[in-house]
Amino acid sequence: MNYLISHPLRVAALAGAHLELVAVALAVASIVALPIGILAARHPRVAPWILGTLGAIYTIPSLALLAVLVEWLGLGFAPIFVALVVYAQFMLARNVFAGVTGVDRAQVDAARGAGMSPAQVLWRIELPQAMPVLIGGVRIAAVAMIAIATLGGYVGGVGLGVLIFNGLTLHQPQMIVAGSVAASLLAIAVDAGLRAAERRAAV
Amino acid sequence: MNPASIRFDNVTVRYPAMDRNAVDGVSLAIAGGELVVLLGPSGCGKSTLLRTVNRLVPVDAGRILVDESDVGELDPVELRRRIGYAIQAVGLFANMSVAQNVGVVPSLLGWKRREIAARVDELLELVGLDPAIYRDRRPSALSGGEAQRIGVARAIAARPRALLMDEPFGAVDVVVRTALQRELVRIVSELRTTTLFVTHDVEEAFRLADRIVVMRDGRVEQAAAPFELFDDPATEYVRRLVHAGDDVYRRYFARGRELLRAP
Amino acid sequence: MTAPALSRRRALGLFAAAPLIAGCAFDPSAIRVGSKNFTESFVIAEIYAQALEGAGMRVARLFNLGSTQIAIAAMQRGNVDLYPEYTGTALIDVLHLPPIADPAAAYATVARLFKQRYGFVWLTPSPMNDSQALATTRAIAEGKGLTTLSDVARAAPTLRLATIQEFLARPDGLPGLQRAYGGFQFREVRTYDIALKYRALLEGKADVASAFTTDGEIATDALVVLKDDRHFWSAYNVAPVVRGATLSARPAVARVLDAVSPRITDRAARTMNAAVEDRQADPADVAAEFLRG
């Protein structure tokens, strides 16, 4: 804790970089996961395969995946960014699937019967009503990614992980504690903020 | 406006999970402006048959012709915008206001904003709801009866030449239902819309129909005017169906319906 | 079309903007400074980084990379632009050549060969020489008459050695000493974590410990460094090693770092190492203080 008090600006700067990394990875991950989730929703027979595969990927230990990515992409920002995007897919796509398929089937039937194209049904009826669940998925993914992003400190990335891994190498537990506490606070704040957004998105 | 004719030509629909056809070689001709009721118990294929008209259900054999055009060769999305559709669960879009719900098909057809707004108000009044009060309400703030009226309004908003209704009054109490049925007959005859109406309720069928099509196990048992069914049932099944309950009551309503439709 | 508070259009807009924001934040024009995974490497890399920042350049820190092999690989892949390396380490671990005790000769060799093989440039080295050593307590040194490594080589059978795993494996560790001096058959050899090694010595659990000449712990009167009388150990001067491409694009890097390197002496290094290891100081603070003078 002492490090947190003695170096507030440094911790804040690292926390800012951490948040930025997670936010950008989350944005890209969402863009990738949205069509995947919609595909699963439109093809229920294939859905278990899609979501199952993503779930299997999620269980790969983060450090192992990161090591492979470092082999391909080198050290720095790239491997941790890709790892975050990959891990987030499971949580995001699953929630897109659940949100879209959870929309009242009668409304979807009425929408089709009224002459909406599949794209219009998605855009006008399914996605707006799935919003709370989608945001819920983003919230869950964000919190998980804040934790996973700390591994960035191991591969020359940015964020609070740098503090944690430096602390490990330099045998300075205060740094480790400061990095961990800051990451936890970040996760709590992000969770609370997205919960509020989730509530406001409810129809 | 000319109401559309609807013709079923040997239509068959197969569902893989069933051991018989859901709809089995049904042929039926419906003239423009007719209000035809598909009557039968649950599982008889009436809803399935209804939904082949707007291609929500694909057919495995046969054709459906609307104004002698095979619907299978038309763009399904465009087709549906020209055919009204109302279902038992109503399915009002929860993320839109009543006005937006009612105006959805006109909006899909590209009507101007002001045209849509005027039409919405007109329709709300038609179904007995004050536009000023209901226009901006959300579906969650409606009673069952109000929702079903708005469902009907939505279905006829774009002045469709054909109207498909699947037990649209099923989920309300009998008093409201009777009122809605009376209004439907009025609306449909004013609009001159060919209407295909699905129900399992024999009395409702007698109250509404120009002709009743009795269905069982995917096939048509008999298609005839209500009185004919009554006086001259084609099969034992039809006879039992129509004569169950109070004969006199049924006769009265059948006659009343006929009087309503006098030229 | 009424939309909920987080409208779909706004959400889409945010998502589209994110990669742009990312591009600005993760600055491709920043000079990437690396470090290996021990205290001194951190401190010196921080000095380099802050010196460059002081000259107005943007710096990205990729510290804690790991071993020398990882650092070199990172440089080769272009993930890192420069990092602090030791002439001795370069000679023995990277080029697989025998040690050279003379600092100037060692530097000349590695500078030439790194340029040839990797296209990496060695900038001006620091006087600081982080070579290996053996240390003992003042009490034991006086008690057993130990001043040189030859003394220890002879007296080894009566002494207990505290060391780290690497010392037993590397060619210029114990095996090399045994070959160069003969003897060095210790009564007992125990490996410790690098942070606990000196404690074993000070608590009387060991008599001799392997060391680095800039270790902060040695800066105390209680410990004595034994003289390498046969000049077995290589010079280990630190210098910035920079990718050729980076230097061509940013020649100012050489000017800035060449001005700083001469100031890093043995004494400065020990003081800084001690601050980080004993007083738990942040290497960034220590480096800043050093640069202020």
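Computed from a prediction, not measured in an experiment: that's the story for all the values here.

*Asks:* I would appreciate a short explanation of the overall build of chain C in the present structure.
*Replies:* In terms of helices and strands, chain C carries 14 helices and 10 strands. The principal-axis extent of the C-alpha atoms belonging to chain C is close to 90 × 45 × 35 Å. Counting only residues that meet the buried cut, chain C has 43% of its 293 residues in that class.

*Asks:* Please clarify how the overall build of chain B should be interpreted in this entry.
*Replies:* When helices and strands are tallied, chain B shows 12 helices and 10 strands. Relative to a compact globule of 263 residues, whose C-alpha radius of gyration would be 18 Å, chain B shows 18 Å and is just as compact. Taking the principal axes of its C-alpha atoms as reference, chain B extends roughly 55 × 45 × 40 Å. In chain B, which comprises 263 residues, the proportion classed as buried is 47%.

*Asks:* Looking at this model, I keep getting lost on the packing of helix α4 (residues 87-94) of chain C against helix α5 (residues 103-118) of chain C. Mind explaining?
*Replies:* Each pair of packed helices can be summarised by the angle the axes make with each other and by the distance between the axes. All names here are of chain C. One can describe the packing of α4 onto α5 by two numbers: an axis separation of 9 Å at closest approach and a directional angle of 55°. Compared by their axis directions, α4 and α5 come out oblique. α5 is crossed by α4, and the crossing has left-handed handedness. Across from T87, G88, A90 and L91 in α4, the residues of α5 making contact are A106, Y107, T109, V110 and F114. Here the contact of α4 with α5 is composed, by residue class, of 6 nonpolar, 3 polar and no charged.

*Asks:* Would you explain helix α2 (residues 39-54) of chain C in this entry?
*Replies:* One turn of the α-helix equals 3.6 residues, which is why residues spaced by three or four share an orientation. All names here are of chain C. In this model α2 runs 22 Å from its N-terminal to its C-terminal C-alpha over 16 residues, within 8% of the 22 Å that 1.5 Å per residue would give. Burial runs high along α2: 13 of the 16 residues are buried. Trailing α2 by a residue or two, G56 shows a phi angle of about 90°, which is positive.

*Asks:* Which parts of the structure should I look at to understand the packing of helix α13 (residues 266-278) of chain C against helix α14 (residues 283-292) of chain C?
*Replies:* Residue and element names in this part refer to chain C. Taken N-terminus to C-terminus, the directions of α13 and α14 make an angle of 150°; their axes are 9 Å apart at the nearest point. Taken as axis vectors, α13 and α14 run roughly antiparallel relative to one another. Here the hand of the crossing between α13 and α14 comes out right-handed. From α13, A268, M272, A275 and V276 reach across to α14, where they touch P283, V286 and F290.

*Asks:* Which parts of the structure should I look at to understand the interface of chain B and chain A?
*Replies:* Interfaces are often sized by the amount of accessible area the parts lose when they come together. Every contact between the two is made by 16 residues of chain B and, on the other side, 16 residues of chain A. Broken down by secondary-structure element, the contributors of at least two residues to the side of chain B that touches chain A are α2 (76-81), β6 (83-87) and α4 (104-108) of chain B. Of the residues contributing to the side of chain B that touches chain A, the split by class is 11 nonpolar, 3 polar and 2 charged.

*Asks:* Mind showing me how you'd approach the sheet that holds strand β9 (residues 223-225) of chain C here?
*Replies:* Across a sheet, paired strands are connected by hydrogen bonds in the backbone, their directions being either parallel or antiparallel. All names here are of chain C. With mixed pairing, 5 strands are arranged side by side in an open sheet as β7-β6-β8-β5-β9. The two strands at the open ends of the sheet, each matched to only one other strand, are β7 (188-191) and β9. Each strand of the sheet is rotated relative to its neighbour by a mean of 30°, with strand direction disregarded. Two elements, strand β5 (residues 132-137) and β9, share 3 bridges in a ladder whose sense is antiparallel. Bridging from a neighbouring strand, T136 pairs with V224 of β9.

*Asks:* Mind showing me how you'd approach the sheet that holds strand β1 (residues 6-13) of chain B here?
*Replies:* Residues and elements named next belong to chain B. Across the sheet, 4 strands lie side by side as β2-β1-β4-β5; this open sheet has antiparallel pairing. Of all strands in the sheet, those with a lone pairing partner are β2 (23-30) and β5 (69-70), marking the two edges. Bridge count for β1 against strand β4 (residues 61-66) is 5 bridges, and the pairing is antiparallel. Each bridged residue has a counterpart across the sheet, and for I6 the counterpart in β4 is V66. The strands that helix α1 (residues 46-53) touches are β1, β2 and β4; relative to β1, the one it contacts most, it runs at about 120°.

*Asks:* In this structure, what is going on with the nonpolar core? I would like to understand it.
*Replies:* A general trend in soluble globular proteins is that nonpolar side chains are found buried together. Core analysis: the largest hydrophobic core is formed by 204 residues, its most contacted members being A25, L84, A88 and M145 of chain A. Residues in contact with A25 of chain A, not counting those within four places in the same chain, are F81, L84, V85, A88 and M145 of chain A. V152, A156, A162 and A211 of chain C belong to the second-largest nonpolar core, a separate cluster that totals 22 residues.

*Asks:* I keep staring at the pairing of β6 of chain B and nothing clicks. Help me out?
*Replies:* All names here are of chain B. Across the 5 residues of β6, 5 count as buried, placing the element largely inside the fold. By the bridge criterion, 5 bridges tie β6 to strand β7 (residues 162-166) in an arrangement that is parallel. Within β7, the position partnered with G84 by the bridge is L163.

*Asks:* So what exactly am I meant to see when it comes to unusual backbone geometry here?
*Replies:* Peptide bonds are, in most cases, trans, and in most cases residues other than glycine have a negative phi. Residue and element names in this part refer to chain B. Its identity as a non-glycine residue notwithstanding, R55 has a phi of 60°, on the positive side. For R55, the location among the structural elements is in the loop between α1 and β4. By C-beta crowding, R55 is classed as buried, having 20 other C-beta atoms within 10 Å.

*Asks:* Help me understand the domain arrangement of chain C in this model?
*Replies:* Residues and elements named next belong to chain C. Along its sequence, chain C is organised into domain 1 (30-129 + 236-292) and domain 2 (132-225). Domain 1 and domain 2 are separated by 27 Å when their C-alpha centres are compared. Contact with domain 1, which involves 13 residues of that partner, is made by 8 residues of domain 2. Among the elements that take part in the side of domain 1 that touches domain 2, α13 stands out by supplying 8 residues, more than any other. Residues of the side of domain 1 that touches domain 2, tallied by class, amount to 5 nonpolar, 3 polar and 5 charged.

*Asks:* Explain the confidence of the model for chain B here, please?
*Replies:* Reading fine detail from the predicted coordinates is not recommended where pLDDT is low. Per-residue pLDDT for chain B has a mean of 89; in total, 92% of the residues score no lower than 70. Per-element confidence in chain B is highest for helix α3 (residues 98-102) of chain B, whose mean pLDDT is 97, and lowest for helix α12 (residues 247-260) of chain B, whose mean pLDDT is 63.

*Asks:* Help me understand α1 of chain B in this model?
*Replies:* Across the 8 residues that make up α1 of chain B, a large majority, 8, are buried. Two residues or fewer after α1 of chain B comes R55 of chain B, characterised by a positive phi angle close to 60°.

*Asks:* Sorry if this is basic, but what is going on with the environment of R243 of chain C here?
*Replies:* Residues and elements named next belong to chain C. Note on placement: R243 falls in strand β10 (residues 238-243). When the C-alpha positions of R243 and L123 are compared, they lie 11 Å apart, and in sequence the two are 120 residues distant. Contacts of R243, omitting those with residues within four sequence positions, involve M75, D81, L82, G119 and F120.

Rules behind the numbers
- Residues numbered from 1 in each chain as written.
- Chains lettered and ligands numbered in written order.
- Predicted model: local features only at pLDDT ≥ 70, side-chain atom pairs only at ≥ 80, totals over all residues.
- Helix = DSSP H or I, 4+ residues; strand = E, 2+ residues; numbered from the N terminus.
- Buried ≥ 20, exposed ≤ 12 C-beta atoms within 10 Å, placed from the backbone.
- Rg over C-alpha atoms; globule rule 2.2 N^0.38 Å.
- Axes fitted to C-alpha atoms, helices over the stretch in contact; angles between N-to-C directions.
- Parallel < 35°, antiparallel > 145°, perpendicular 65-115°, else oblique.
- Left-handed = near helix turned anticlockwise from the far one by under 90°.
- Contact = placed C-beta atoms within 7 Å.
- Nonpolar A, V, L, I, M, F, W, Y, C, P; charged D, E, K, R; others polar.
- Expected span 1.5 Å × (residues − 1).
- Pairing = 2+ DSSP bridges.
- Core = buried A, V, L, I, M, F, W, Y, C linked by C-beta atoms within 7 Å.
- Domains from an automatic or database assignment.
- pLDDT = per-residue confidence, 0-100.

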